[in-house]
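# Close look at the chain arrangement
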Amino acid sequence: MAGVAGSELKFAAKKAAAWNTAVACGANNGFLCLPTGIKRSADVQVDDSLGQFFAAGATPGAVKTEGDLPMYLRYDGCDLFLALFMGVAGAPTLHAGGAGSYDYIYKWLQNTDGLFATFCKHMKNYIAEVPSLKVAGITLKGEVGKPLQLIVNCIGNDVITNSAINTTSTFNNVTIPETGNRVNFGQGVFRMNDQGGAALGSGDVIAPSSFELSAKRKLAGVYGQYKTSFAGNAQDVIDEPTNDGTPEITLKLQFPRHTAATRLNDLGNDARKKMDITFTGQIIEGAINRLFVLRFPHLMLTSVDVVDEAGIIKEPVEFLVLPATTAPTGMTGITDPFWISGTNKLATNPLA
């Protein structure tokens, strides 16, 4: 039997309804991915009974399945993962003047109970299936001259290769809705000013050379209710992960030149900021462009790490991303740490 090459791998994910129960992936559930890091592991429980020189036996312990799904951020095609993390989606609205362009907003939900997916990787000769996959975190990052990446941090219940739900035959139904339209760093406009200042405008444009948004929910599953589905081998797997602490959200910006003490003074004065980032892609129809937007109503400076270098001295800046007590001017209704919004061709609620 021929081996598998990376170019032959195929990926799919579909929102599921019951934890530990897979759903069949099909039309528009496929996506393009970079090398994945989702792994299944289990500690081996050795028989360490006294009265024997060699351990006579060992059994596999509880299953741990977690890792990352890295991919290029695309204007279309990443909605399921973003919505599963944020928690609030809803049906997109038809863009004004459009016939096939839709506006969406993904907002924070304090708990994402019941929101998870089935993930499948087609390994050419078989399917590796995670019946239940929870999105625990996302990282969005980009730098000058390159496309943005979305890294999805996941917690799963198991990885199985004997599924009766997703097989090499059923995977023939999987299609990928979008293979183009990556979000490029050069398409972005970054704006920032004081949190209590006027609405963001053209005079507030800043020019970082890179950024990284990291948002992690602290989630944990517990053992006891579910077992593996492999015949003849019973191992514990986790139930659906739920909140186990406070989310951690940070934003890093790298400015290519350190030119003034302005941000050092802002750090010393604890000057709170607001910010938005807007990426504008290709036209969908007429004069309607694809959009991807991040809005932050409350940023707290935690570091301005200006380090001496032999060459041009850079200015790395780090923020804690916080909720706002009240929505700042120009960000009506936004008190969550951040919202994700945009315009693309998806006409349906990704969480439906």
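Everything quoted here is computed from the prediction, not taken from an experiment.

## Topic: the overall build of the protein
In terms of helices and strands, the protein carries 2 helices and 22 strands. What you see for the protein is a C-alpha radius of gyration of 23 Å, in line with the 20 Å of a compact globule of 352 residues. Each principal axis of the C-alpha distribution contributes one length, and for the protein these read about 75 × 55 × 40 Å. Looking at the protein alone, contacts between residues at least 24 apart form 72% of all its contacts between residues at least 6 apart. With 29 positive and 32 negative side-chain charges, the protein shows a separation of 6 Å between the mean positions of the two kinds.

## Notes on the nonpolar core
By size, the foremost hydrophobic cluster in this structure holds 63 residues, and its most contacted members are L69, F211, M275, F292, F338 and I340. Residue contributions to this core peak at 7 residues, all from helix 1 (residues 79–86). Setting aside residues up to four positions removed in sequence, M275 forms contacts with F190, R191, M192, L200, I206, L251, L253, L294, R295, F296, L299 and M331. If you look at the next biggest cluster of nonpolar residues, it comprises 10 residues, including A16, V63, I155 and I238.

## What about the side chain of T343?
Following the sequence through the fold, T343 ends up in strand 22 (residues 339–344). The exposure class assigned to T343 is buried, which follows from its relative accessible area of 2%. Here the side chain of T343 touches D103 through a polar contact of 2.7 Å, side chain to side chain. Excluding anything up to four places from it in sequence, T343 contacts H95, S101, Y102, D103, Y104, I284, I288, N289, R290 and L291.

## Comments concerning helix 1
Because an α-helix completes one turn every 3.6 residues, residues spaced three or four positions apart along the sequence face the same direction. Most of helix 1 sits inside the fold, with 8 of its 8 residues counted as buried. Where helix 1 ends, the next residue or the one after it, G87, has phi of about 105°, a positive value.

## Quick notes on the side chain of R74
Summarising the element assignment, R74 is placed in the loop between strand 4 (58–72) and helix 1. Among buried Asp, Glu, Lys and Arg side chains, R74 stands out as unpaired, with E178 the closest opposite charge at 5.8 Å.

## Structural notes on the pattern of salt bridges
A side chain of one charge can pair with a side chain of the opposite charge if their charged atoms are brought near each other. Inspection of every chain in the model, using the stated rule, returns 13 salt bridges. Put simply, R40 and D158 hold a salt bridge, and the shortest N to O gap is 2.6 Å. One end of the pair, R40, is in strand 3 (residues 39–46); the other, D158, is in the loop between strand 10 (149–156) and strand 11 (188–194), and 118 residues separate them in sequence. Overall, the relative accessible area of 31% leaves R40 in the partly exposed class. Taking the shortest distance from any N to any O, the salt bridge between K134 and E240 comes out at 2.6 Å. Separated by 106 residues along the polypeptide, K134 in strand 9 (residues 127–143) and E240 in the loop between strand 16 (236–238) and strand 17 (242–243) bring together distant segments of the chain. For the pair formed by K134 and E240, the shared burial category is buried.

## Some details on unusual backbone geometry
In this model, N20 sits at a positive phi of 75°, which is unusual for a non-glycine residue. Relative to the helices and strands, N20 resides in the loop between strand 1 (10–15) and strand 2 (30–31). Residues other than glycine seldom take positive phi values, yet N28 does so here, at roughly 70°. Within the element layout of this structure, N28 appears in the loop between strand 1 and strand 2.

## Regarding the environment of I38
When you line up the elements, I38 lands in the loop between strand 2 and strand 3. When the C-alpha atoms of I38 and T65 are compared, they prove to be 6.8 Å apart, with 27 residues separating the residues in sequence. With near-sequence residues (within four places) excluded, I38 lies in contact with T65, E66, G67, D68, L69, F119, V130, L133 and C154.

Cut-offs applied
Residues numbered from 1 in each chain as written. Predicted model: local features only at pLDDT ≥ 70, side-chain atom pairs only at ≥ 80, totals over all residues. Heavy atoms only, no water. Helix = DSSP H or I, 4+ residues; strand = E, 2+ residues; numbered from the N terminus. Rg over C-alpha atoms; globule rule 2.2 N^0.38 Å. Contact = heavy atoms within 4.5 Å. Lys, Arg positive; Asp, Glu negative; His and termini not counted. Charge placed at Lys NZ, Arg CZ, Asp CG, Glu CD. Core = buried A, V, L, I, M, F, W, Y, C linked by side-chain atoms within 4.5 Å. Buried < 20%, exposed > 50% of the residue type's maximum accessible area, 1.4 Å probe, protein only. Polar contact = N/O pair within 3.5 Å; in protein donor to acceptor, adjacent residues only side chain to side chain. Salt bridge = Lys/Arg side-chain N within 4 Å of Asp/Glu carboxyl O.

These results come straight from atomic positions and should not be treated as a statement about function.
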